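# Descriptive structure summary
Here is how the chains run, residue by residue.
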Amino acid sequence: GVWGSQIYRATDAPDYHIGNIINIVFAATAVCLWFIQKSYYRYRNAKNERIWARLSEAGRKRAEMAAEVEGNESVLFRF
């Protein structure tokens, strides 16, 4: 495909050191981004738990009724 022809160039044959390094960097970047995203989701879930714990019974009922409209902004939403 287009990516392969740009990463694995004929001038780098037969070992393709540059292409392999590029792929390793892409994979490492993906792993780092996964950890960042996981941390953000944990933060959001903990924040929603704290908000839920502070809500009164009436506030909880309002939150439950509005959960579908608010989507992932709802305090009931968990990642």
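Look above for the structure.
Reference entry: report on the structure contained in this document. Note that this is a predicted model, so its numbers are computed, not measured.

Going through the model one piece at a time under the given rule, you end up with one salt bridge. A salt bridge links Arg-78 to Glu-49; the shortest N-O distance between them is 2.8 Å. Here Arg-78, found in the segment after α3 (57-70), pairs with Glu-49, found in helix α2 (residues 17-54); they are 29 residues apart in sequence, far enough to count as distant. A residue is classified by how much of its surface remains accessible, and Glu-49, at 42% relative accessible area, is partly exposed.

Attention now goes to the side chain of Ser-74. Within the secondary structure layout, Ser-74 lies in the segment after α3. Note on Ser-74: relative accessible area 1%, which makes it buried. Among all residues touching Ser-74, those that are not within four sequence positions of it are Asn-48, Ala-63 and Ala-67.

For the rest of this paragraph, the subject is the packing of aromatic side chains. Going through the model one piece at a time under the given rule, you end up with seven aromatic pairs. Relative to Tyr-16, the ring of Tyr-8 has its centre 5.5 Å away and its plane inclined at 80°; by these criteria the two rings are edge-to-face. With a relative accessible area of 31%, Tyr-8 lands in the partly exposed category. A relative accessible area of 27% places Tyr-16 in the partly exposed class. An aromatic cluster is present here, built from Tyr-40, Tyr-41, Tyr-43, Phe-77 and Phe-79 joined pairwise through their rings.

Rules used in this analysis
- Residues numbered from 1 in each chain as written.
- Predicted model: local features only at pLDDT ≥ 70, side-chain atom pairs only at ≥ 80, totals over all residues.
- Heavy atoms only, no water.
- Salt bridge = Lys/Arg side-chain N within 4 Å of Asp/Glu carboxyl O.
- Helix = DSSP H or I, 4+ residues; strand = E, 2+ residues; numbered from the N terminus.
- Buried < 20%, exposed > 50% of the residue type's maximum accessible area, 1.4 Å probe, protein only.
- Contact = heavy atoms within 4.5 Å.
- Phe/Tyr/Trp six-rings, centres within 6.5 Å; stacked < 30°, edge-to-face > 60°.

Geometric descriptors of this kind do not, in isolation, establish any biological role.
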